[in-house]
Structures are given as C-alpha cells and as structure tokens.
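Structure at a glance
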Amino acid sequence: MTSRFTRRQAWQLGAVLLGGFVVGRGAHWLTPVGRDIGRSDTVAAILDGTDSPRFGPRDATLRLAVFSDYRCPACRQAFPALENAIRADGAVQVISKDWPIFGAASERAAQVALASAAQGIYPAVHHALMTDDRGIDDAMLEDVVTAAGGDWARVTSDLRVLGDVITERLRSNGREALSVGLTGTPGYLAGPILQLGALGAGGFARLFAHARAAP
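Residues numbered from 1 in each chain as written. Predicted model: local features only at pLDDT ≥ 70, side-chain atom pairs only at ≥ 80, totals over all residues. Heavy atoms only, no water.

On a plain count of helices and strands, the protein chain comes out with eight helices and six strands. Element order for the protein chain, N to C, with α for helix and β for strand: α-β-α-β-β-α-β-α-α-α-α-β-β-α. Burial statistics for the protein chain: of 215 residues in total, 43% are counted as buried. Within the protein chain, contacts between residues at least 6 apart in sequence are counted, and of these 76% link residues at least 24 apart. Carbon together with sulfur atoms contributes 56% to the accessible area of the protein chain, which is approximately 11500 Å² in total. (Helix = DSSP H or I, 4+ residues; strand = E, 2+ residues; numbered from the N terminus. Buried < 20%, exposed > 50% of the residue type's maximum accessible area, 1.4 Å probe, protein only. Contact = heavy atoms within 4.5 Å. Areas by Shrake-Rupley, 256 points an atom, 1.4 Å probe, with all protein chains shown as cover.)

Below, the structure written as structure tokens:
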C-alpha cells in the first residue's frame, strides 16, 4: 500500500527540518570558542605590555594578542577573516606578536616588520606580508616596505642599530606564547580566552563574545 504525504504533513515536516537547522545553527553560535586560562599576571603582561605593535581604537572594549608567523599557512588563511571580524566588531584592539617559527625567512620578515614600526608603517607591512604570495627575500621585503610608504634604507639601518633589541622582542614573544600554552601558530589571546588554531569570521565573532562574557 502506498502512503502519501498530505500538503499539511509536508508543511509540518518542512517546519521540523527548518526548526532543527535553526536550533543547530543557534547551538553552534552559542558554543564558546577557545578556553578560559584566567586573568593571570602572565596574561596581563601580554595584554598590558607596550613593547609590541598595537592597532585599533584606544577605547576598545577587548584586547586581542595575535601570535603569528608570516609563512604560517593557517595564519595566512585566517587573516582575512580576522580582519573582517575586527572591522565588523569595531571595538577590538590588536596586539601583534610576531612569532617566527617557520625558519630563517620568517625571522627575517618579522625583523623587518618590527623595524618598520619606527616609521609608523607596521600595520601596512604586516598586512602585506600576510597577503603577499611571493616568496620572502630581501627584494620582496623592500617592495613591501616601499609600497607601505617606508624607506628601505632606514629599515636596514634600524636593523643594524636595533637588531639585538628586535631579536630579544621576538624571543620574548615566543616565551609568552609558550607560557600560556601555545604550541604553534596561529594563537589568539582575547582577554583571558586562548584560541589555538585558525578560525573563520564567525569563529572570531564567537571568540570576541566569549572573551567579553568571561568573568
């Protein structure tokens, strides 16, 4: 015997399926991203320190430390989503923690990026290094600095003068990363909430919400 759905039954089934989808999406949104590591002195030192480049509103309601490497595929993949989420939020201050763990080219790029901060172009250089698909060498780095409005000769001069300071800054970033339990890049510390690994724009929005809701 063949059974048929009536129109009413079809609508009811559709409502059930749609309801399940909506509930599922809602549960996904409500699921916290990252884990609460508490508001320790270590976390405070990372978020309150003044040695790393910062960008974003001074009156931001959330500070986000980003541990990344310019040659890290996951860092680069997540970068556009991170930028979009920060732009959409409008109240996140980013603390950039260059952590070059992918070899000599990564370290050279991080050194140049930090040296460019003296010219006020770190954000532009950072963005370019995260989105430029070319291999990293000095020719590429010079192009990036120049396109950002900087003086390459000054960068190389600053590296000679401040090389030890910049190297120590990078080592300190690594120590900070390990101190909060990061084992690689990318790592995101939003207030007391630590996230290891790349996220999409929705994931970053949930991370921000989780951090703001943390006690």
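Still more to cover.
Moving on, we get to the environment of Ala117. Tracing the sequence through the fold places Ala117 in the loop between helix H4 (104-116) and helix H5 (122-131). In the structure, Ala117 is positioned 64 residues away from Pro53 in sequence and 7.3 Å away in space, judged by C-alpha atoms.

If you check helix H7 (residues 152-179), its first and last C-alpha atoms are just 34 Å apart, much less than what 28 residues at 1.5 Å a residue would give, namely 40 Å. The sharpest bend along H7 measures roughly 80 degrees and falls at Leu162. Capping the start of H7 is the job of one residue whose side-chain oxygen sits 2.9 Å from the backbone nitrogen of Ala153: Asp151. (Expected span 1.5 Å × (residues − 1). Bend = angle between axes of the 7 residues up to and from the residue. Polar contact = N/O pair within 3.5 Å; in protein donor to acceptor, adjacent residues only side chain to side chain.)

Counted under the stated rule, the structure contains three aromatic pairs. With a centroid separation of 6.4 Å and an interplanar angle of 40 degrees, the aromatic rings of Phe55 and Tyr122 are classed as tilted. Of this pair, Phe55 sits in strand S2 (residues 54-55) while Tyr122 sits in helix H5, placing them 67 residues apart in sequence. Ring geometry for Tyr188 against Phe204: centres 5.0 Å apart, planes inclined by 85 degrees, an arrangement best described as edge-to-face. On the criterion of sequence distance, the pair formed by Tyr188 in strand S5 (residues 187-190) and Phe204 in helix H8 (residues 201-213) is long-range, its members being 16 residues apart. (Phe/Tyr/Trp six-rings, centres within 6.5 Å; stacked < 30°, edge-to-face > 60°.)

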